[in-house]
Amino acid sequence: MSWRREDEVRVQCYPSGRSLSLRIAGYVLIGTGVILILLCVPFWAWLALVGAALILLGLLLIRKK
């Protein structure tokens, strides 16, 4: 007994974004967001993030014994 599909399989694709102007606009928005985050987050928050990363790295190194 062979199995066949009676209806065609529908495929929906996302837009590929091949437009150069859309790509440039995307990179500009990403860069602006990164700069805003770097400038608006206080220094102590960055130090806390680095401290948390160091703690996690230390835990990973201890567990790899």
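For the structure, check the block above.
Conventions and cut-offs
- Note that residues are indexed from 1 along each chain, following the sequence as it is written.
- Residues qualify for local features only when their pLDDT is at least 70, as the model is predicted, and side-chain atom pairs are given and counted only at 80 or more; totals for whole chains, interfaces and linings, by contrast, use all residues.
- Side-chain figures throughout are based on the complete set of non-hydrogen atoms in the structure, without hydrogens or water.
- Segments assigned H or I by DSSP are reported as helices when at least four residues long, segments assigned E as strands when at least two residues long, and all are numbered from the N terminus.
- Burial classes follow relative accessibility: with a 1.4 Å probe on protein chains only, a residue under 20% of its type's maximum area counts as buried, one over 50% as exposed, and anything between as partly exposed.
- The method behind every accessible area is Shrake-Rupley, applied with a 1.4 Å probe, and residues are considered shielded solely by the protein chains displayed.
- By definition, no residue in a patch forms a salt bridge, and every one has over 30% relative accessible area; like charges are joined within 9 Å, nonpolar side chains (Val, Leu, Ile, Met, Phe, Trp, Tyr) within 5 Å.
- A pairing counts as a salt bridge when a side-chain nitrogen of Lys or Arg comes within 4 Å of a carboxyl oxygen of Asp or Glu.

## Some points on the overall build of the protein chain
And step 1. The number of helices and strands found in the protein chain is two helices and zero strands.
And step 2. Of all 65 residues assigned to the protein chain, the portion counted as buried reaches 0%.
And step 3. Accessible surface, the protein chain as shown: approximately 7100 Å² in total, 69% of it carbon and sulfur.

## Focus on a nonpolar patch on the surface
And step 1. Taken together, the side chains of Tyr-27, Ile-30, Val-34 and Leu-38 present a nonpolar region at the surface, about 440 Å² in accessible area.
And step 2. The topology assignment puts Tyr-27 in helix H1 (residues 20-40).
And step 3. Residue classification places Tyr-27 among the exposed positions, given a relative accessible area of 58%.

The values reported here are purely geometric and, on their own, carry no functional implication.
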